[in-house]
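Structural overview for review
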Amino acid sequence: MGSVYTETLNRLIEQFGKLPGIGPKTAERLAFHILKSEPAEAMALANAIRDVKHKIKRCEICFNLAEQAVCQICSDPRRDKALICVVEQPKDVIKLEKTGACQWVYHVLGGHIAPLDGVEPEDLTINQLVERVRSGGVKEVIMATNPNMAGDGTALYISSLLKPFDVKITRLARGLATGSTLEYASPKMLTDAITGRQQLQ
Ligand SMILES: [Zn+2]
């Protein structure tokens, strides 16, 4: 980038440009917007960014995003703790919750098994999931990993680990296109997939 802007302004444009979906033109427009905006408004954005990094942590039970040690879903007494829905990412929890069809609790893996990318089972929260099931009270584990090869492989691997336990293992299926991700499924498709879940073993 040339030196038409001051160093500080360049730095802001550069930071915006690192965000997903933000090209150089948009980065420039956002930076100028901040420059023109009221100090309080700009600081509110800066504070929101700082808080999200300082205050948000992982739930110690399900590894979903939380501001306390235990997330809102795990601490909700109306949730059925006998049903654990396994997802790859916190954004999948949000997506499923938006259907309004979920009364279960979650387990967030933190990704999927991908040996070629260096992601082994022990890099995910799979051991912690097995421990949750081992400690008892779990009737069904619903695999809601993405309906693609990596997600299917991860679901199968986990179901093999859970085989020794007296627990039903199901997989979201109907309505979800093979090879896709939960992120792009509509609430209607997801609701169908939840109600139509099939036994995995
Ligand atoms: Zn939780």
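This text goes with the structure placed above it.
Report on the accompanying structure. Quick caveat, the model's predicted, so the values are computed rather than measured.

Comments concerning the overall build of the chain
For the chain, the count of helices and strands is seven helices and seven strands. Each helix and strand of the chain, placed in order from N terminus to C terminus, yields the pattern α-α-α-β-β-β-α-β-α-β-α-β-α-β. For the chain, whose C-alpha radius of gyration is 21 Å, the value lies well above the compact-globule estimate of 17 Å for 201 residues. Each principal axis of the C-alpha atoms in the chain carries an extent, and together these give about 65 × 35 × 35 Å. Classification of the 201 residues of the chain by burial places 38% in the buried group. Averaging the locations of the 25 positively and 23 negatively charged side chains of the chain gives two centres separated by 4 Å.

Regarding the coordination of the zinc ion
Four donors placed tetrahedrally about a metal ideally form angles of 109.5 degrees, and six donors placed octahedrally ideally form angles of 90 or 180 degrees. Around the zinc ion, the protein contributes the donor atoms Cys59 (SG), Cys62 (SG), Cys71 (SG) and Cys74 (SG), at 2.3 Å from the metal centre. Considering all four donor atoms around the zinc ion, angles at the metal cover 105 to 116° and the coordination shape is tetrahedral.

Digging into the pattern of salt bridges
Side chains carrying opposite charge are able to pair once their charged atoms draw close together. The tally for this structure, following the rule as stated, stands at 10 salt bridges. Three or more residues are tied together by salt bridges with common partners; here these are Asp76, Arg78, Arg79 and Glu97.

Points about the sheet that holds strand β3 (residues 80-87)
Strand order in the open sheet made by the five strands is β4-β3-β5-β6-β7, with mixed pairing throughout. This sheet does not close on itself; its edge strands, each paired only once, are β4 (104-108) and β7 (198-199). As judged from the four bridges shared by β3 and strand β5 (residues 140-143), these two strands associate in the parallel manner. Bridge pairing links Ile84 to Val141 in β5. The strands touched by helix α4 (residues 90-97) within the sheet are β3 and β4, with β4 carrying the most contacts at an inclination of about 160°.

Digging into the side chain of Arg132
You can see Arg132 is positioned in helix α5 (residues 126-134). Buried and without a salt bridge, Arg132 has Asp80 as its closest oppositely charged side chain, separated by 10 Å. The contacts of Arg132, once residues within four sequence positions are left out, are Ile61, Cys62, Ile84, Val105, Tyr106, His107 and Val138.

Concerning a nonpolar patch on the surface
On the surface, Val52, Ile56 and Leu65 cluster together to form a nonpolar patch covering roughly 220 Å² of accessible area. In this structure, Ile56 sits in the loop between α3 (39-55) and β1 (57-58).

What counts and what doesn't
- Residues numbered from 1 in each chain as written.
- Predicted model: local features only at pLDDT ≥ 70, side-chain atom pairs only at ≥ 80, totals over all residues.
- Heavy atoms only, no water.
- Helix = DSSP H or I, 4+ residues; strand = E, 2+ residues; numbered from the N terminus.
- Rg over C-alpha atoms; globule rule 2.2 N^0.38 Å.
- Buried < 20%, exposed > 50% of the residue type's maximum accessible area, 1.4 Å probe, protein only.
- Lys, Arg positive; Asp, Glu negative; His and termini not counted.
- Charge placed at Lys NZ, Arg CZ, Asp CG, Glu CD.
- Donors = N, O, S within 2.8 Å, 3.2 Å for Na, K, Ca; no water.
- Tetrahedral: all angles 85-135°; square planar, octahedral: opposite > 155°, others 65-115°.
- Salt bridge = Lys/Arg side-chain N within 4 Å of Asp/Glu carboxyl O.
- Pairing = 2+ DSSP bridges.
- Contact = heavy atoms within 4.5 Å.
- Axes fitted to C-alpha atoms, helices over the stretch in contact; angles between N-to-C directions.
- Patch = residues over 30% accessible without salt bridge, like charges linked within 9 Å, V, L, I, M, F, W, Y side chains within 5 Å.
- Areas by Shrake-Rupley, 256 points an atom, 1.4 Å probe, with all protein chains shown as cover.

Any functional reading would require information beyond the geometric quantities listed.
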